[in-house]
Every structure is written in C-alpha cells, then in structure tokens.
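Understanding the architecture of this molecule
Below, each chain spelled out in residue letters.
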Amino acid sequence: MGHLLSCAGIRLGTRIAEPESTEIPIHHKCRNCGTGCDQSTYSDTCINAKYTRTGTRDQPAIIRTIVPNDKVRWSTSFDYEPVEFTSEKVRTSTKEYVDRDPRHDLTVDIPWNSDDRLCDRRSYYGPYKIIGRVPQNPCGRTGITGRGHLGHFGPNHAADPIVTRWKRDKNGIKVLHRRSRKPILQFVCIIRKDTDEYAIPGGMADKKEKVTDTLQREFHEEALNFPDLDQHDKETLINTIKNIFENGGTRIYCGYVDDPR
C-alpha cells in the first residue's frame, strides 16, 4: 500500500533525517474501524467515519475493509482481507515515475528501501518489509491494498510549507485577541479543489526533487495569485519567496501522514 511521508519546514539538510522518535505510529483515521461509521454519509459519530471511503468526484468511492482498533498492528492475529484499489488514473498512467505493479509484472524490479533514480523509496521509520513483492505499510493495517490515488508503492514523499505571521494593524503593531489578550497568529491556507476543504498548501515531491524546492514550487502553484500581478510584481514576489524558503524557517515534522488517498 502506498503511504504518504511529509516533511514540513525548510532547513532540512539531507533528504532523509533521523526520526525524532523511533516509535512507529498506527493509523488513527484512515481506515474503517467498524464502529459508529456511517458509510453512506459523512458522520461526526466516529473519527474514522470520514475516511472509510477512498474516492474522488471522478472515481467511485471504495469502502475499506473493517479493521478494529485492536487489530491495526501487524503483530496482532487477524483474518485480514483488504480491498484492492488503485485508481484508474494511476493504473493506466504511462509516466515513468508512476510505479508499475510488480505483482502483475514479474519483470518489474523496484529497489525498495533505497534512493533510486526515480524517487527516494526510504521511510523515515527505517526499512519496511516486502510482502508479496510490495511494501507492507509500517503503521499497520489500513483496510485497503494497492496504490490508491498515489503513484508509488511504499513511501510517497510530500512537502507542506506552513507560512505564518502575526496579525498587525496598519501601524505594524501586533493585534491582540479581544478576550485572551494574546497575539493572533495567521497562516496561509488554500481551499482544495477536490474536496472544497481548507488545507495547508503542499504536494508530492517531483522526481529527485529537493524538499526545499518542493516547498517553493507548491507554494507558488497553490497560494500565490500570479494571474493578477504584472511582471515586475511577479518577479519581486518570486524573489521574496525564494529568499524566505532558502534562508529561513524551521522543520516542524518529518514522518508518516495518515492520508485517505
């Protein structure tokens, strides 16, 4: 099963850093726990309910196989038969960086747990197991197998820039919240086109792309209003963003992300 690995922040050094914790988390939302999940509508009765389905406007939703809370870990005994799902767009893609399925084509030889010519296949949580010629998700059972809407089996690296500022008045003075009397922190967000939900801008790392480059590219593509700017203002904004992303910032998190795709 493909899974998402995200690194938010800027001064990252090497592509893969030692994890801050050696404890591998389990899935807390992207699965069907079988309890209180209304599979026909979004529900607030269960934190997993929204993620029991994997689908888009262009692809019918897939209902994940039930995985109870105490059966997520691979170390627990469970009669597990996950639903197979790889989106049509991914399955029929001819792009080089999209994995072919080694279970169906024995000529496919993917260098798992290494940094190959197409992408970095290493996990922030160390080597993962290969079961049936494909990676086993290190964070446990998800109720689904295949690539979903992701291009790679195993790790799919992404970068999400978190850009913040203190809210200030026209004189540059920090604005305080009227009740708490604390400064107000603002951050850049977008509205996703696929779900109409608010989200931090970001996206998948391109082939052999540095995380810092991914952060800049995704911020340009998703958060900047280029069409309404003249050439001078556009160049000024690009240079400002480039300086910020290459010379400042702090790494917030590097590791596994529970992602419904």
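Residues numbered from 1 in each chain as written. Predicted model: local features only at pLDDT ≥ 70, side-chain atom pairs only at ≥ 80, totals over all residues. Heavy atoms only, no water.

As named in an unreviewed UniProt entry, the protein is Nudix hydrolase domain-containing protein, taken from Rotaria socialis.

When helices and strands are tallied, the protein shows three helices and 14 strands. In the protein, once contacts between residues fewer than 6 apart in sequence are set aside, the share between residues at least 24 apart is 65%. Surface exposure of the protein reaches about 15,700 Å², of which carbon and sulfur atoms provide 51%. (Helix = DSSP H or I, 4+ residues; strand = E, 2+ residues; numbered from the N terminus. Contact = heavy atoms within 4.5 Å. Areas by Shrake-Rupley, 256 points an atom, 1.4 Å probe, with all protein chains shown as cover.)

Summed over all chains, the structure comprises nine salt bridges. Arg121 serves as the salt-bridge partner of Asp99, at 2.8 Å between the closest nitrogen and oxygen. Remark: Arg121 occurs in the loop between helix H1 (88–91) and strand S5 (130–131) and Asp99 occurs in the loop between H1 and S5; sequence separation between them is 22 residues. A salt bridge links Asp116 to Arg121, with the nearest nitrogen and oxygen atoms 2.9 Å apart. Neither residue differs from the other here; Asp116 and Arg121 are each classed as buried. What emerges from the salt-bridge pattern is a single network uniting Glu84, Asp101 and Arg103. (Salt bridge = Lys/Arg side-chain N within 4 Å of Asp/Glu carboxyl O. Buried < 20%, exposed > 50% of the residue type's maximum accessible area, 1.4 Å probe, protein only.)

Once that is clear, we can look at the packing of aromatic side chains. Given two aromatic rings, their pairing is described by the distance between the two centres and the angle made by the two planes. Counting across every chain of the model gives two aromatic pairs. Measuring from centroid to centroid gives 5.8 Å for Trp74 and Tyr80, while their planes differ by 75°, and the two rings are edge-to-face. Judged by its relative accessible area of 30%, Trp74 falls in the partly exposed class. Ring pairing ties together the aromatic residues Trp74, Phe78 and Tyr80, which thus form one cluster. Looking at Arg141, its charged tip hangs above the ring of Tyr80, at a distance of 5.5 Å from the centre. (Phe/Tyr/Trp six-rings, centres within 6.5 Å; stacked < 30°, edge-to-face > 60°. Lys NZ or Arg CZ within 6 Å of the ring centre and 35° of its normal.)

What follows is about the environment of Val211. One can find Val211 in helix H2 (residues 211–223). For the pair Val211 and His157, spaced 54 residues apart in sequence, the C-alpha to C-alpha distance is 8.7 Å.

As for its placement among the helices and strands, Ser123 is situated in the loop between H1 and S5. On the accessibility criterion, Ser123 (8% relative accessible area) is buried.

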